[in-house]
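Coordinate analysis (summary)
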Amino acid sequence: MRLPAPWLLAAALGTLPVPSPVPTPAGPSSAGISESEPESERAREAAVASILRRAEHATAGGPEARSLSAELLEAGTAYLRLGDSGRAIELLGEAYALDEGNGSALAELTLAYAKEEDLDAAAFHLRLAEDRADAGARSAPPETYALIGEIFYGEHRLEEAVGAWSEAARLGGQDPALLRRLARSRDELAVARGQRSLSSTNFALFAEPSVPDSVLHLAADELEAAHRSQAAFFGIPLAKRQVVVLYGGRAFFALASVPDWVSGVYDGKIRVALRANVEDPSAMTSVLAHELAHALMRQVSGDRAPGWLHEGLAQWLEGRRLSRDEVRETMRGHAARSIEELESRFPGAMDRSQARALYAQSLSLVEYLVAARGEGALACVVKRLREGDALAEALRHEAGLAPGELFAGWRAWVGV
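As the structure is a computational prediction, the values presented were derived from the model and not from experiment.

Conventions we followed
- Residues numbered from 1 in each chain as written.
- Predicted model: local features only at pLDDT ≥ 70, side-chain atom pairs only at ≥ 80, totals over all residues.
- Heavy atoms only, no water.
- Salt bridge = Lys/Arg side-chain N within 4 Å of Asp/Glu carboxyl O.
- Buried < 20%, exposed > 50% of the residue type's maximum accessible area, 1.4 Å probe, protein only.
- Helix = DSSP H or I, 4+ residues; strand = E, 2+ residues; numbered from the N terminus.
- Pairing = 2+ DSSP bridges.
- Right-handed = clockwise from strand over helix to strand, strands pointing away.
- Axes fitted to C-alpha atoms, helices over the stretch in contact; angles between N-to-C directions.
- Parallel < 35°, antiparallel > 145°, perpendicular 65-115°, else oblique.
- Left-handed = near helix turned anticlockwise from the far one by under 90°.
- Contact = heavy atoms within 4.5 Å.
- Nonpolar A, V, L, I, M, F, W, Y, C, P; charged D, E, K, R; others polar.

1. Let's talk about the pattern of salt bridges
- Evaluation of the coordinates by the stated rule reveals 19 salt bridges.
- Salt-bridge contacts for Arg298 lead to Asp303; the nearest nitrogen and oxygen are separated by 3.4 Å.
- Accessibility expressed as a relative area gives 14% for Arg298, which makes it buried.
- Taking relative accessible area as the criterion, Asp303 reaches 45% and is therefore assigned partly exposed.
- Arg337 is the partner of Glu341 in a salt bridge, and the nearest nitrogen-oxygen pair spans 3.1 Å.
- By relative accessible area, which is 18% here, Glu341 ends up buried.
- Each of the salt bridges in this network shares a partner with another, and the network as a whole consists of Glu45, Arg87 and Glu90.

Structure, rendered in structure tokens:
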């Protein structure tokens, strides 16, 4: 069975919602260390140096060591919030060495390693935390482990994500969103056993055992080629390595209630159900390019691009084009009567014919905008959204069109 046409891919916004970020917990502040006070780096370091000098003579586990551990915890978490995860690791590691019962120091140390992108070290300390839970270690804020879970999940390290979110729940984290993420990641882990990985310059690919090595390597090559083209269009490359998951079947898609005519989704990760791609690699290429476009648009627009623009531009960037006759035929009985009405249908439950119409109309609007104002104007519209402009403002500044004018011009162009 061939993959469905690329315009039937799931909407980037809503098919599989991206978990809301969990904020770094606001820990206590100490004089001379908190980032909220206007002190120089030299003053902060002087305060830390004083703590470390006293720590040299303290006996690990003793009363003085426990007090110093608490001070170093405050210092380390302050540096972590300042974005200096390297310095935070040094201080939090010392805090934990002085008092291994300090569960908060261990949690923040694990988070610091995760933010430093040393995920193996973070996983090691996560296992320590799980072991220390049975040894009576003093508890840590559940929010810290919730954030650790987000980082692991984003890197497709599902086992560690489950471990971190389980720890958050054990420590009292009962936020419904956290519990939903934990349940979903457990289900996903169950269908991800045996996945293997491949890294390229801009992508971290994971593939189920049924996906041949030749297809995995082809996907990496095609993604890098698509990235070169799309990064040139937007003028901005991916900010970090993008996770891509290739499924040989539809077990995950069924788990996530993705319609059976959908072959690719983007939920922070690019996910593609391959099926017949071994026989038709070009179908996989289109799907990968489409979902990559969603990833870049989310980044370039600051996650402020409307659904119709997401889907229209993703199709356009994958290379799909429709004649005006095809657009009229496909939209018959399903056309939106304004941009506002078109946007209101994204995301939402839709059958195949509704999806065909909405995606065709979205692509056609993008094609008209390119024909009328050029590719550069289209890219600039997306960038202005990140700067805080509403769509109407971005269109006016970069294309000289109000949404109503864009829609009216498109209708005349298409002949509807």
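There is more to say after this.
2. Observations regarding the pairing of strand S3 (residues 242-247)
- Burial of S3 is extensive: six of the six residues sit out of reach of the surface.
- Direction of pairing for strand S2 (residues 203-207) relative to S3: parallel, over a ladder of five bridges. Bridge pairing in S3 links Ala207 to Leu246.
- Handedness of the β-α-β unit built from S2, helix H9 (residues 213-234) and S3 comes out left-handed.
- Both S3 and strand S5 (residues 270-273) contribute to a ladder of four bridges, which runs parallel. Bridge pairing in S5 places Leu246 opposite Val272.

3. Observations concerning the packing of helix H4 (residues 103-115) against helix H5 (residues 119-133)
- Where H4 meets H5, the axes come as close as 7 Å, and the angle between the chain directions of the two elements is 160°. If you check the angle between H4 and H5, you find them roughly antiparallel. As H4 runs across H5, the sense of the crossing is left-handed. For the pair formed by H4 and H5, the contact residues are Leu106, Leu109, Thr110, Tyr113 and Ala114 on the first element and Leu119, Ala121, Ala122, His125, Leu126, Leu128, Ala129 and Arg132 on the second.
- When the residues that make up the contact of H4 with H5 are grouped by side-chain class, the tally is 10 nonpolar, two polar and one charged.

4. Looking at the environment of Arg228
- By the secondary structure assignment, Arg228 is in helix H9.
- Exposure remark for Arg228: the relative accessible area of 56% places this residue in the exposed category.
- Considering only alpha carbons, one finds Arg228 and Leu238, 10 residues apart in sequence, at a separation of 10.0 Å.

5. Quick look at the sheet that holds S3
- The strand order across the open sheet built from five strands is S1-S2-S3-S5-S4, with neighbouring strands paired in mixed fashion. Here the strands that pair on one side only, and so sit at the sheet edges, are strand S1 (196-199) and strand S4 (264-266). Across the sheet, the mean angle separating the axes of adjacent strands is 15° when strand polarity is ignored.
- The strands touched by helix H11 (residues 281-300) are S2, S3, S4 and S5; relative to S4, the strand with the most contacts, the crossing angle is about 10°.

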